[in-house]
Amino acid sequence: MRSFLSHAARRAALALGISSLAIGTARAQATGGVKRAGAEASAATSSAPFQVGKWYVGPRFWGASGWGGTGFGAQVERGWRSVGDGENTLGIGGSIDRFAPAFGIAGANYSIITTSAFVNLHFGVGEASKLDPFVGLGLGYTRVSFPDEVFGVGATYNSGLLFNPRAGVRYFVTPRFAVQADVGYGIGYLGAGGAVRF
């Protein structure tokens, strides 16, 4: 009887040991899976074209304006926060542009300067994609100024607030540098430029 109990105890201990080993292995696999999933998600986030917390800075050029001529300036944008299912991202930024009209009043070398703050919604199109499409809204101020000799005194024409809806796309030539194209209503209707991410 004692031998039978001893044998049963050994079998129970062996079964308990096997169960503990199986549970430990399952937990390790689950933990490893979570870590791998987290690493994959982190890698996916770091490879997205537009990223939360990153800065995008670069020049831009404008054309196709009612003033004629071309404009040039610079903009800066920062990834602000993810929205929706986490694939889309809001960016906030600002810009300053100067426009050189192709026509004007004799003797008047007047200038148009626009400053603007904007919010863009960037659409996630896949982690491996180099494309960064976006739509946005901006609010700024346009100052159109003439020199004193035109009317005898300094003057402004059509200066005031500027509402700027826009849409565009960036294409990342390298992981840090992108070329950009915009359409919208502002200092010009068609724009092109670039952005460096850091």
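Residues numbered from 1 in each chain as written. Predicted model: local features only at pLDDT ≥ 70, side-chain atom pairs only at ≥ 80, totals over all residues. Heavy atoms only, no water.

> Explanation requested: the overall build of the protein in the structure shown.
The helix and strand inventory of the protein stands at 2 helices and 9 strands. Across the protein, helices and strands are ordered from the amino to the carboxyl terminus as α-β-β-β-β-β-α-β-β-β-β. Within the protein, residue pairs in contact and separated by at least 24 positions form 53% of the contacts whose partners lie at least 6 positions apart. For the protein, the exposed area adds up to about 11800 Å²; of that, 66% sits on carbon and sulfur atoms. (Helix = DSSP H or I, 4+ residues; strand = E, 2+ residues; numbered from the N terminus. Contact = heavy atoms within 4.5 Å. Areas by Shrake-Rupley, 256 points an atom, 1.4 Å probe, with all protein chains shown as cover.)

> Sorry if this is basic, but what is going on with the confidence of the model for the protein here?
Averaged over every residue, the pLDDT of the protein is 75; residues scoring 70 or more account for 61%. A low-confidence stretch, residues 11–16 stays under pLDDT 50, and its non-local contacts, those more than four residues away or across chains, total 0 contacts. Ignoring residues within four places in sequence, the model shows residues 18–45, a span with pLDDT below 50, making 3 contacts including any to other chains. (pLDDT = per-residue confidence, 0-100.)

> Is there a simple way to explain the pattern of salt bridges in this structure?
Two side chains with opposite charge may pair up if their charged atoms get near one another. If you walk through the whole model with that rule in mind, you get 4 salt bridges. In this structure, Arg170 and Asp132 form a salt bridge, with 3.3 Å as the shortest nitrogen-oxygen distance. With Arg170 in strand β7 (residues 160–172) and Asp132 in strand β5 (residues 131–146), the pair connects residues that are 38 residues apart, well separated along the chain. Assessed through its relative accessible area of 1%, Arg170 is described here as buried. (Salt bridge = Lys/Arg side-chain N within 4 Å of Asp/Glu carboxyl O. Buried < 20%, exposed > 50% of the residue type's maximum accessible area, 1.4 Å probe, protein only.)

> Please explain the packing of aromatic side chains as it appears in this structure.
Remark: the centre distance and the inter-plane angle together describe each pair of aromatic rings, the angle taken between the planes. Counting across every chain of the model gives 2 aromatic pairs. Judged by centre distance (4.7 Å) and plane angle (20 degrees), the ring pair of Phe50 and Tyr56 falls under stacked. With a relative accessible area of 6%, Phe50 lands in the buried category. Overall, Tyr56 belongs to the buried group, its relative accessible area being 2%. (Phe/Tyr/Trp six-rings, centres within 6.5 Å; stacked < 30°, edge-to-face > 60°.)

> Is there a simple way to think about the nonpolar core in this case?
Soluble, globular proteins show a tendency: their nonpolar side chains are buried together. Residues Phe50, Tyr56, Phe172, Ala178 and Ala195 constitute the largest nonpolar core, which totals 5 residues. Beyond its immediate sequence surroundings of up to four residues, Ala195 is in contact with Tyr56, Val57, Gly58, Arg170, Arg176, Phe177, Ala178 and Gln180. (Core = buried A, V, L, I, M, F, W, Y, C linked by side-chain atoms within 4.5 Å.)

> What am I meant to see in the side chain of Arg197 here?
With respect to the helices and strands, Arg197 occurs in strand β9 (residues 190–197). At 7.7 Å, Asp132 is the nearest oppositely charged side chain to Arg197, a buried residue that forms no salt bridge. For Arg197, the side chain forms a polar contact with the main-chain oxygen of Ala48, separated by 3.2 Å. If we skip the residues at most four places from it in the chain, Arg197 touches Ala48, Pro49, Gln51, Lys54, Trp55, Tyr56, Phe172, Pro175 and Arg176. (Lys, Arg positive; Asp, Glu negative; His and termini not counted. Polar contact = N/O pair within 3.5 Å; in protein donor to acceptor, adjacent residues only side chain to side chain.)

> I would appreciate a short explanation of the side chain of Ser116 in the present structure.
Here Ser116 shows up in strand β4 (residues 111–122). Looking at Ser116, the relative accessible area reads 12%, which means it is buried. If sequence neighbours within four positions are ignored, Ser116 has contacts with Gly93, Gly94, Ser95, Gly138, Leu139 and Gly140.

> Sorry if this is basic, but what is going on with the environment of Leu190 here?
Looking at where Leu190 falls in the secondary structure, it is placed in strand β9. With relative accessibility at 49%, the residue Leu190 sits in the partly exposed group.

> Even after reading the chapter, I still don't get the environment of Gly124, so can you show me in this structure?
By the element assignment, Gly124 lies in the loop between β4 and β5. Overall, the relative accessible area of 34% leaves Gly124 in the partly exposed class. The spatial distance from the C-alpha of Gly124 to the C-alpha of Phe50 is 8.1 Å, given a sequence separation of 74 residues.

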